[in-house]
Amino acid sequence: MSLQQKYNDINWLTGQFRDSRLEASYRDSIKLRVRHDSRLALMLVSLIFAMFAVIDYNLLGHSTDFFTLISMRAVVVSSCVVLALILGRVGNFSRKPLLHALPLWVLAAGIISIVPLRPESLYAQITAVVVAIMAFYLLIPSLLTIASWASGFLSVGFIVASVAYAEVSVPTATRLVLLLIMANIVGYCALLRLEILQRKQFSLLNEERDQNLALQREVEHRKSLEAQLRRLAERDTLTELDTRSHFIKRAEALLERAC
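Parameters at a glance
All residue numbers here refer to positions counted from 1 along the written sequence of the relevant chain. Per-residue local features of the predicted model are confined to residues with pLDDT of at least 70, and side-chain atom pairs are confined, for both listing and counting, to 80 or more; whole-chain, interface and lining totals are unaffected and use all residues. Side-chain measures were taken over the full set of non-hydrogen atoms in the model, leaving aside hydrogen atoms and water. In this text, helices come from DSSP runs of H or I with a minimum length of four residues, and strands from runs of E with a minimum of two, each type numbered from the N-terminal end. Here a polar contact is recorded for every N or O atom pair within 3.5 Å, except that within protein the pair must consist of a potential hydrogen donor and a potential acceptor, and residues adjacent in sequence are included only if both atoms are side-chain atoms. By the convention used here, residues are in contact when the closest approach between their heavy atoms is within 4.5 Å. Each residue is placed in one exposure class: buried if its accessible area under a 1.4 Å probe, protein chains only, is under 20% of its type's maximum, exposed if it is over 50%, and partly exposed if it falls in between. By arc we mean the arc of the directions from the helix axis to the C-beta atoms, nothing more. Think of each axis as a best-fit line through the C-alpha atoms, taken over the contacting stretch in the case of a helix, with angles from 0 to 180 degrees between the N-to-C directions. Oblique is the label for any angle not covered by the other classes, which are roughly parallel (under 35 degrees), roughly antiparallel (over 145) and roughly perpendicular (65 to 115). All amino acids are sorted into three groups, where Ala, Val, Leu, Ile, Met, Phe, Trp, Tyr, Cys and Pro are nonpolar, Asp, Glu, Lys and Arg are charged, and the leftover types, Gly among them, are polar. The length a helix should cover is 1.5 Å for every residue beyond the first. Cavities and pockets were defined on a 1 Å grid built over protein atoms only: a cavity is a set of grid points that admits a 1.4 Å probe from which the probe cannot escape, a pocket is an open set flanked by protein on both sides within 12 Å along at least five of seven lines, and lining residues are those with an atom within 4 Å of any such point. Grid points are joined across faces, edges and corners, and a volume is the space filled by probe spheres set on the points. Ring pairs are drawn from Phe, Tyr and Trp, using the six-membered ring of Trp, whenever the two centres fall within 6.5 Å, and their geometry is named by plane angle: stacked under 30 degrees, edge-to-face over 60, tilted for the rest. Placement of a charge over a ring requires the Lys NZ or Arg CZ to be within 6 Å of the ring centre, with the centre-to-atom vector within 35 degrees of the ring normal.

Undergrad: Which residues make up the side chain of S38, and what values go with them?
TA: With respect to the element layout, S38 can be found in helix α3 (residues 31-51). Reaching out from S38, the side chain makes a polar contact with the backbone oxygen of V34 at a distance of 2.7 Å. Those residues in contact with S38 that sit more than four places away from it in its chain are L87, H100 and P141.

Below is the structure:
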């Protein structure tokens, strides 16, 4: 493996460059895109999370559990909106990775807290959890390590809350575990492939830029050599006067112009 190949080597487990400087350079290059995409994705997810309040009202009506659930949704939505505005201004995977992880953990905690308040709607929440896991991996911009930890927390927390509050049976819990494991595997593999492809593209662009710079330096070097050869051909190195052939050539040109 060449030095350049080692420099551009990508970790097969995290999808990140093994070289920390190259990884930091890649993260800085996508900073503006990550800011825009993070803000848009969090706004969309917050809107979807808030819209489920209609279902809460249909199931719980004007009850204490409903107002508790509404308060929780308001806290989660407002937190995500604030974080979306912050990420839209200062988001950066290179310097603030934990800031990008915070919205995922807030959403995961909000989804898990629904189980104690609405245990009778557990099977409807399973779909929401699977969609949230896929959103963590593919919709909300984040590093693979950040998305996997948040999705793992959501999966484990949902299983524990389901067993503790919804009193699911062992076979049902086993099916839930298998379902969430499959969702995490699919999301992990999809994001891993995307991370690797994006970094390979970044490496190719860097290589093309380096080759263009080398070519430009070669052209400039050749021009410099050509100027030096022309100077040697036209001037005497000892007296710094024009050579006889160059003097005659210039004289003929001046004579033609005078005529």
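Undergrad: Outline helix α2 (residues 20-29), supporting the account with residue identities and numerical values.
TA: Taken as a whole, α2 has its buried residues at L22, E23, Y26 and R27. Looking straight down α2, one finds that the buried residues subtend no more than 135° of arc, so they occupy a single side. Opposite the buried face of α2, at more than 90 degrees from it, the exposed residues are S20 and R21. Its side-chain oxygen placed 3.0 Å from the backbone nitrogen of R21, D19 serves as the N-cap of α2.

Undergrad: So what's going on with the packing of α3 against helix α5 (residues 64-90)? Residues and values would help.
TA: A pair of packed helices can be characterised by two numbers: the angle between their axes and the separation between those axes. The N-to-C vectors of α3 and α5 enclose an angle of 170°; their axes lie 8 Å apart at closest approach. The orientation of α3 with respect to α5, classified from their angle, is roughly antiparallel. In terms of residue class, the contact of α3 with α5 is built from 14 nonpolar, three polar and four charged.

Undergrad: How would you summarise helix α8 (residues 144-166) if you had to cite specific residues and measurements?
TA: Compared with an ideal rise of 1.5 Å per residue, which puts 23 residues at 33 Å, α8 spans 31 Å between its outermost C-alpha atoms and is within 8% of the ideal. Among all positions in α8, only L144, I146, A147, A150, S151, L154, S155, G157, F158, I159, A161 and S162 are buried. Phi turns positive one or two residues past the end of α8, at E167, with a value near 55°.

Undergrad: Which residues make up the layout of surface pockets, and what are the values?
TA: Size it by volume and the largest pocket reaches roughly 440 Å³. Considering the residues around the largest pocket, the lining is formed by 20 residues, among which I48, F49, F52, I111 and A128 are closest to the centre. Counting only elements with at least two residues in the lining of the largest pocket, the list comes to α3, α6 (97-117) and α7 (122-139). Sort the elements by how many residues they give to the lining of the largest pocket and α7 lands first, with nine residues. Partitioned by chemical class, the residues of the lining of the largest pocket number 17 nonpolar, one polar and two charged. Lining the second largest pocket are 18 residues, and of these R33, P141, S142, L194 and Q198 lie nearest its centre. Elements represented by at least two residues in the lining of the second largest pocket include exactly α3, α7 and α9 (170-234).

Undergrad: For the packing of aromatic side chains, give the residues involved together with the corresponding values.
TA: Counted according to the given criterion, the structure contains six aromatic pairs. Note on F17 and Y26: the rings are 6.3 Å apart at their centroids and 75° apart in plane angle, and the pair reads as edge-to-face. The two residues F17 and Y26 agree in class, both being buried. Note on F17 and F202: the rings are 6.2 Å apart at their centroids and 55° apart in plane angle, and the pair reads as tilted. Of the two residues, F17 sits in the loop between α1 (3-7) and α2 while F202 sits in helix α9, which places them 185 residues apart along the sequence. Per residue, the accessibility class of F17 equals that of F202, and both read buried. Ring pairs connect the aromatic residues F17, Y26 and F202, which therefore count as one cluster. Over the ring of F49 we find R73, and its NZ or CZ is 4.8 Å from the ring centre.

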